[in-house]
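Structural features, examined
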Amino acid sequence: MNRLKFCLADGRVVRFEDLREQDLPEVVEALNSVIREGVYLTLNEEIVDMETERKWYHDHMEAGMTYLVVRVDDEIVGGGSIEPRVGKESHVAVYGVFVKEGFRNMGIGTRLTDALIEVARQRGFEIVELAVYGSNERAFHVYKKCGFQEVARIKRGVKLPDGTYTEKIVMVLPLGERHE
Ligand SMILES: CC(C)(COP(=O)(O)OP(=O)(O)OC[C@H]1O[C@@H](n2cnc3c(N)ncnc32)[C@H](O)[C@@H]1OP(=O)(O)O)[C@@H](O)C(=O)NCCC(=O)NCCS
């Protein structure tokens with residue numbers, strides 16, 4: 001399903017669409033390019049096994065994930081998801097996002113974050129939660145701009161490939177009347 005369509009400053013068309021199984025190879029290719037950068041995401045190893053990836057897709061869709069891919073013209077250049085925690089925390093949605101190098105700082109990540117917050121609101125979640133690395137100042141800026149508040153900072157929570165440490169920051173966005 002096409003969720004949102006807008007144009008970049010240079011006229012290229014951006015679409016946010018629900019992830020379909022047939023998109024997985026292209027999403028994995030985009031995600032692997034960010035994993036290779038080595039500093040933004042938790043995963044150290046690229047995803048190589050498409051069978052495991054397809055199982056991941058079905059398991060997480062069943063668990064209630066909403067995953068939107070970002071298409072610029074026809075190329076998938078990013079994605080973002082919300083997924084409920086389980087049991088007594090199932091009113092909390094966990095958020096994750098990535099945009100490929102070459103497509104950053106064009107407003108895509110902000111629009112995608114706003115779009116998934118709106119999905120979370122419509123689906124009745126009460127809190128959206130995420131984790132971001134202290135060294136990732138751009139992502140931290142985007143999340144604050146979209147309304148997330150920092151609630152915890154774990155010193156030396158992350159060890160980067162060059163051996164230096166950065167903090168793991170937990171951020172939340174309360175939704176709905178119960179928090180107002
Ligand atoms: C984080 C990410 C999703 C943001 O998406 P994006 O499309 O680049 O973001 P936008 O273009 O909407 O906004 C970027 C904002 O950060 C600002 N920014 C850029 N570099 C910055 C920096 N070093 N420090 C602070 N702010 C910075 C821009 O000025 C812009 O803010 P503004 O709109 O207020 O001017 C994307 O950059 C990304 O995927 N990065 C790599 C993977 C990643 O970090 N994923 C998130 C892991 S928690």
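Residues numbered from 1 in each chain as written. Predicted model: local features only at pLDDT ≥ 70, side-chain atom pairs only at ≥ 80, totals over all residues. Heavy atoms only, no water.

1. Points about the site of the ligand
The test is simple: Nearness here has a simple test: a residue counts as near a molecule or strand if at least one of its heavy atoms is within 4 Å of that partner. Polar contacts, as counted here, are pairs of nitrogen or oxygen atoms within 3.5 Å of one another; within protein the pair requires one atom able to donate a hydrogen and one able to accept it, and residues that are adjacent in sequence qualify only if both atoms are side-chain atoms. Surface accessibility in these figures is a Shrake-Rupley result with a 1.4 Å probe; residues are shielded only by whichever protein chains are displayed.
Lining the immediate surroundings of the ligand are 22 residues, of which Val-99, Gly-109, Thr-110, Asn-136 and Lys-145 lie closest. Asn-105 places a polar main-chain atom, nitrogen or oxygen, 3.0 Å from an oxygen atom of the ligand. In this structure, Met-106 approaches the ligand through a main-chain N or O atom, which is 3.1 Å from an oxygen atom. When isolated, the ligand has an accessible area of 960 Å², and the protein chains bury 75% of it.

2. Focus: the packing of helix 1 (residues 24-37) against helix 2 (residues 50-62)
Our working definition: Axes here mean lines fitted to C-alpha atoms, for a helix over just the part in contact, with angles spanning 0 to 180 degrees between N-to-C directions. The secondary structure listing takes helices from DSSP runs of H or I that are at least 4 residues long and strands from runs of E that are at least 2 residues long, numbered from the N terminus. Convention used here: angles under 35 degrees read as roughly parallel, angles over 145 as roughly antiparallel, angles from 65 to 115 as roughly perpendicular, and any remaining angle as oblique. Note on definitions: a residue-residue contact is assigned when non-hydrogen atoms from the two residues lie within 4.5 Å. All residues other than Ala, Val, Leu, Ile, Met, Phe, Trp, Tyr, Cys, Pro, Asp, Glu, Lys and Arg, Gly among them, are scored as polar; the first ten of these are nonpolar and the last four charged.
Closest axis-to-axis distance for the helix 1/helix 2 pair is 11 Å, and the angle between their directions is 105°. With respect to their mutual orientation, helix 1 and helix 2 come out roughly perpendicular. Along its contact with helix 1, which presents Leu-24, Pro-25 and Val-28, the element helix 2 presents Met-50, Glu-53, Arg-54 and Tyr-57. When its residues are assigned to classes, the contact of helix 1 with helix 2 shows 5 nonpolar, no polar and 2 charged.

3. Re the nonpolar core
The condition that has to hold: By nonpolar core we mean a set of buried residues, namely Ala, Val, Leu, Ile, Met, Phe, Trp, Tyr and Cys, connected to one another through side-chain atoms within 4.5 Å. Whether a residue is buried, partly exposed or exposed follows from its accessible area with a 1.4 Å probe, protein chains only, as a fraction of its type maximum: under 20%, in between, or over 50%, in that order.
Ranked by internal contacts, the top residues of the largest apolar core, which has 34 residues, are Phe-16, Tyr-95 and Phe-148. Counting only elements with at least two residues in this core, the list comes to strand 2 (13-18), strand 3 (66-72), strand 4 (75-84), strand 5 (92-99), helix 3 (108-122), strand 6 (127-133), helix 4 (137-145) and strand 8 (165-174). Ranked by residue count, the leading element in this core is helix 3, at 7 residues. Residues Leu-24, Ala-30, Ile-35 and Ile-76 belong to the second largest nonpolar core, which totals 15 residues.

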